Number of protein chains: 2
Amino acid sequence: MTEKIKRTERRVALTKILTSRPSQLFSLSYFSTLFEAAKSTLSEDMEAIGQSLEQFGLGKLETVAGASGGVRYLPCRSMDSMGSLLTELSEKMSTSDRIITGGFLYMSDILYDAHRMARVGEIFMTLFAHTSPDVVMTVETKGIPLAMMTARAFNIPLVIVRRGSKVTEGPAVSINYVTGSSKRIQTMSLPKRALASGAKALIIDDFMKAGGTARGMIDLAREVGAEVVGTGVLVATSEPEHKLVDDYVTLLILSEVDEQTKKVVITPKMPI
Amino acid sequence: MTEKIKRTERRVALTKILTSRPSQLFSLSYFSTLFEAAKSTLSEDMEAIGQSLEQFGLGKLETVAGASGGVRYLPCRSMDSMGSLLTELSEKMSTSDRIITGGFLYMSDILYDAHRMARVGEIFMTLFAHTSPDVVMTVETKGIPLAMMTARAFNIPLVIVRRGSKVTEGPAVSINYVTGSSKRIQTMSLPKRALASGAKALIIDDFMKAGGTARGMIDLAREVGAEVVGTGVLVATSEPEHKLVDDYVTLLILSEVDEQTKKVVITPKMPI
């Protein structure tokens, strides 16, 4: 009986430790010391935990073989669960009280909701896993929580590009870019030590209209010798159809904000 | 045997669901439907999961009685675990290669590390739980990941104050404030709909020198009729000793950055 209680206790603790650090590889030796359990026992635990997580659509465990191997939790989302999350978000965003003078849409309450952004970050991890990014890159301000949660899902650093040319982060690289909406020339900058030459960067942002900001980030990454392996945004406008970036993934499409009729049309982009 | 396997599967899934939404109250009815299990069975599960989490210092479960009751996961941290995290952070921050011309310290890699900020956010939740905040409030940019993770631990919304007076978030309240370091007058603003009158706000930021920014946020909160119930920062400088806010909690103290001798002194504030 004692043995069985121990097994449950161990599996509960293992589940918590693994799932609270997505994509982090843990060696069986680490758990072996922590729980005073044989590796064969822990392998059985991982098998059981993995099955249970998959059964309830809560992600999966991945085993990496070899001396430097171990096990990690991947917060993958199924097509079904992505679809229902995006439907929920689009419905929440499509209410007329969100319309702001000037044809803008108030979305900060959603963009700053940690749990929702964690789930959207898991969608981006699922969609961009094949690109194996080294860092997530975004520009201040509204996209930061989403980019942070995407970086968390991948277990990689976040890089935040600053607007303007702030200098309290040491030597920086700056570029000028044209905002798609107002056609103004602006500056964005990145501390040199934040992004290594040769790094593979995944750009994540909350919103894309003409794509000028994303274009600026791609240019900035190129400037330091990094490579952009993907661009993901939560919402993109349907117009202009041709953006300043060729290749991007959007989860939602905003096709109408009418101040007169108080109409907002925002729909999931499915299949993604 | 089948029954026992089911029990483990259920407890693994319950652990994942509860711990990935800190402070969120789940009703037993919700789990009863999800797992087709009796509430008495689920109560036993919660007992076992709670014990296991506490045994390994992974937080605890709290049961709320009554019709609208249920169970929630609280990511509380022990004094020991807080101490070791703060020691780790202070050592990582005290390296001479972090010194930037002008006497600044490069900390963005740490401030934008999702896992570290999640753990610091749990410290703030533990320290400020008694203040029962309704929202976490911060100002752009570097404190956003930490504030977001604190909001996640509390399961409450995040409010981000903007520097300057951006107008794409609707009617806003603005105030002027004096930055402690450069003594310049700056503006910060908050969309009116982001913070309700009467709300209890917890201010979280990465850094405090003279306290001008925190003072500004307190004034801004007062302007919309909200109440600031606490102020927490990751790092505060030892000088000036008297800050523009009376009451704040800092986790680390920065007492020296010497460009000449390349010396950085930063230490945990213990007991917190």
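Residues numbered from 1 in each chain as written. Chains lettered and ligands numbered in written order. Predicted model: local features only at pLDDT ≥ 70, side-chain atom pairs only at ≥ 80, totals over all residues. Heavy atoms only, no water.

Under an unreviewed UniProt entry, chain A has the name Pur operon repressor and belongs to Acetonema longum DSM 6540. In its Subunit (unreviewed entry) section, the UniProt record describing chain A reads: "Homodimer." Within the UniProt record for chain A, the comment given under Sequence similarities (unreviewed entry) is "Belongs to the purine/pyrimidine phosphoribosyltransferase family. PurR subfamily." (UniProt positions renumbered as here; feature names shortened; annotations may be inferred.)

Student: Help me get a handle on the sheet that holds strand β5 (residues 135-139) of chain A, residues and values and all.
Tutor: Residues and elements named next belong to chain A. Spatial ordering of the open sheet is given by β7-β8-β6-β5-β9-β10-β11-β12, a layout of eight strands whose pairing is mixed. The open sheet has two edge strands with one neighbour each: β7 (172-178) and β12 (263-268). Averaged over all pairs of adjacent strands, the angle between strand axes in this sheet comes to 25°, irrespective of strand direction. Here strand β10 (residues 227-237) runs beside strand β11 (residues 249-258); their pairing, made up of five bridges, is parallel. Bridge pairing in β11 links Ala236 to Ile253. Together, β10, β11 and β12 form the strand contacts of helix α4 (residues 79-93), whose direction differs from that of β12 by roughly 170°. Helix α6 (residues 114-128) rests against β9 (200-208), β10 and β11 of the sheet, and its axis sits at about 135° to β10. (Pairing = 2+ DSSP bridges. Helix = DSSP H or I, 4+ residues; strand = E, 2+ residues; numbered from the N terminus. Axes fitted to C-alpha atoms, helices over the stretch in contact; angles between N-to-C directions. Contact = heavy atoms within 4.5 Å.)

Student: Describe the relation of the copies chain A and chain B, listing the residues and the values that go with them.
Tutor: Superposing chain A onto chain B takes a rotation of 180° plus a shift of 0.0 Å along the axis, which leaves an RMSD of 0.0 Å. Both copies are brought into coincidence by an operation consistent with a two-fold rotation axis. (Least-squares fit on C-alpha atoms with pLDDT ≥ 70 in both.)

Student: Residues and numbers for the packing of α4(A) against α6(A), please.
Tutor: Think of two packed helices as two axes; the pair is described by the angle between the axes and how far apart they sit. All names here are of chain A. Closest axis-to-axis distance for the α4/α6 pair is 11 Å, and the angle between their directions is 135°. Regarding the angle of α4 to α6, the classification is oblique. Along this stretch, α4 crosses α6, giving a crossing that reads as left-handed. For the pair α4 and α6, the contacting residues are Met82, Leu85, Leu86, Glu88, Leu89 and Lys92 in the first and Arg116, Arg119, Val120, Ile123, Thr126 and Leu127 in the second. For the contact of α4 with α6, the class distribution of residues is seven nonpolar, one polar and four charged. (Parallel < 35°, antiparallel > 145°, perpendicular 65-115°, else oblique. Left-handed = near helix turned anticlockwise from the far one by under 90°. Nonpolar A, V, L, I, M, F, W, Y, C, P; charged D, E, K, R; others polar.)

Student: If you had to explain the UniProt feature "domain: Bacterial purine repressor N-terminal" (unreviewed entry) in chain A to someone new, which residues and values would you point to?
Tutor: UniProt records the feature "domain: Bacterial purine repressor N-terminal" (unreviewed entry) at residues 6-75 of chain A, using the numbering of this structure. Along residues 6-75 of chain A one finds 56% helix and 14% strand; the C-alpha atoms at either end are 26 Å apart.

Student: Tell me what's going on with the interface of chain A and chain B, and back it up with residues and numbers.
Tutor: How big an interface is tends to be stated in terms of accessible area lost as the parts join. Across the contact, 49 residues belong to chain A and 49 residues belong to chain B. Carbon and sulfur atoms make up 64% of the area that chain A and chain B hide from each other, which totals about 4800 Å². The interface formed by chain A and chain B includes zero salt bridges. Listed by contribution, the elements that provide at least two residues to the side of chain A that touches chain B are α1 (2-19), α3 (39-55), β3 (99-100), α6, α7 (144-154) and β6 (158-163) of chain A. A per-element tally of the side of chain A that touches chain B places α1(A) first, with eleven residues. (Buried area = accessible area lost by both parts, 1.4 Å probe. Salt bridge = Lys/Arg side-chain N within 4 Å of Asp/Glu carboxyl O.)

Student: A description of the pattern of salt bridges should follow, citing residues and the corresponding values.
Tutor: All names here are of chain A. Per the stated rule, a full pass over the model turns up 24 salt bridges over all chains. Asp45 serves as the salt-bridge partner of Arg10, at 2.6 Å between the closest nitrogen and oxygen. One end of the pair, Arg10, is in helix α1; the other, Asp45, is in helix α3, with 35 residues separating them in the sequence. In this pair, the class of Arg10 matches that of Asp45, namely buried. (Buried < 20%, exposed > 50% of the residue type's maximum accessible area, 1.4 Å probe, protein only.)

Student: Run through the sheet that holds strand β12 (residues 263-268) of chain B, naming residues and quoting values.
Tutor: Note: strands within a sheet are paired through backbone hydrogen bonds, in either parallel or antiparallel orientation. Residues and elements named next belong to chain B. If you walk across this open sheet you meet the eight strands as β7-β8-β6-β5-β9-β10-β11-β12, and the pairing is mixed. Each of the sheet's edge strands pairs with one partner strand only, and the pair in question is β7 (172-178) and β12. Each strand axis lies, on average, 25° off the axis of its neighbour in the sheet, ignoring direction. In terms of strand pairing, strand β11 (residues 249-258) meets β12 through six bridges, oriented antiparallel. Within β12, the position partnered with Leu254 by the bridge is Ile266. On top of the sheet, helix α8 (residues 212-223) reaches β5 (135-139), β6 (158-163), β7, β8 (185-191), β9 (200-208) and β10 (227-237); it is set at about 150° to β7, its chief contact.

Student: So what's going on with the domain arrangement of chain A? Which residues, and what values?
Tutor: Residue and element names in this part refer to chain A. When its domains are assigned, chain A resolves into domain 1 (2-74) and domain 2 (79-268). Spacing between the C-alpha centres of domain 1 and domain 2 amounts to 34 Å. With five residues of domain 1 at the contact, the number on the domain 2 side is five residues. In this assembly, domain 1 packs against domain 2 so that about 440 Å² is buried in total across both faces, 42% of it on carbon and sulfur atoms. Three residues, Pro22, Ser23 and Leu74, lead the burial of domain 1 against domain 2; their summed loss comes to 69% of the area buried on that side. Connecting domain 1 to domain 2 are zero salt bridges. Across the contact surface, domain 1 and domain 2 share three residue pairs in polar contact (both at pLDDT 80 or more). Partitioning the side of domain 1 that touches domain 2 into residue classes produces one nonpolar, three polar and one charged. (Domains from an automatic or database assignment. Polar contact = N/O pair within 3.5 Å; in protein donor to acceptor, adjacent residues only side chain to side chain.)

Student: Please provide a residue-by-residue account of the pairing of strand β2 (residues 70-74) of chain A, values included.
Tutor: Successive residues of a regular strand alternate their side chains across the two faces of the sheet. All names here are of chain A. Counting buried residues along β2, four of its five residues qualify, which places the element largely inside the surrounding structure. The pairing of strand β1 (residues 60-64) with β2 spans five bridges and is classified as antiparallel. By the bridge assignment, Thr63 is partnered in β2 with Val71. Between β1 and β2, which pair antiparallel and follow one another directly, the connecting turn spans five residues, one of which, Gly66, has a positive phi of 100°.

Student: So what about the packing of aromatic side chains? Which residues, and what values?
Tutor: In this description, an aromatic ring pair is defined by two values, namely the gap between the centres and the angle between the planes. Applying the stated criterion across every chain yields a total of twelve aromatic pairs over all chains. Measuring from ring centre to ring centre gives 6.1 Å for B:Phe124 and B:Phe128, while their planes differ by 35°; the resulting arrangement is tilted. On the criterion of helical spacing, the pair formed by B:Phe124 and B:Phe128 is a turn pair, its members being four residues apart in helix α6 (residues 114-128). With respect to burial, B:Phe124 and B:Phe128 carry one shared label: buried. Each member of the aromatic cluster is reached from another via a ring pair, and the members are A:Phe26, A:Tyr30, A:Phe31, A:Phe35 and B:Phe56. It is A:Arg193 that lies over the ring of B:Tyr106; its NZ or CZ is 4.6 Å from the centre. (Phe/Tyr/Trp six-rings, centres within 6.5 Å; stacked < 30°, edge-to-face > 60°. Lys NZ or Arg CZ within 6 Å of the ring centre and 35° of its normal.)

Student: Break down the nonpolar core for me, with residues and values.
Tutor: Ranked by internal contacts, the top residues of the largest apolar core, which has 82 residues, are A:Leu234 and B:Leu234. Not counting chain neighbours up to four residues away, the residues in contact with B:Leu234 comprise B:Leu89, B:Met93, B:Leu111, B:Met117, B:Val120, B:Phe124, B:Leu146, B:Asp205, B:Asp206, B:Thr250, B:Leu251 and B:Leu252. By size, the runner-up hydrophobic cluster in this structure holds 35 residues, among which are A:Tyr73, B:Leu14, B:Phe35 and B:Met46. (Core = buried A, V, L, I, M, F, W, Y, C linked by side-chain atoms within 4.5 Å.)

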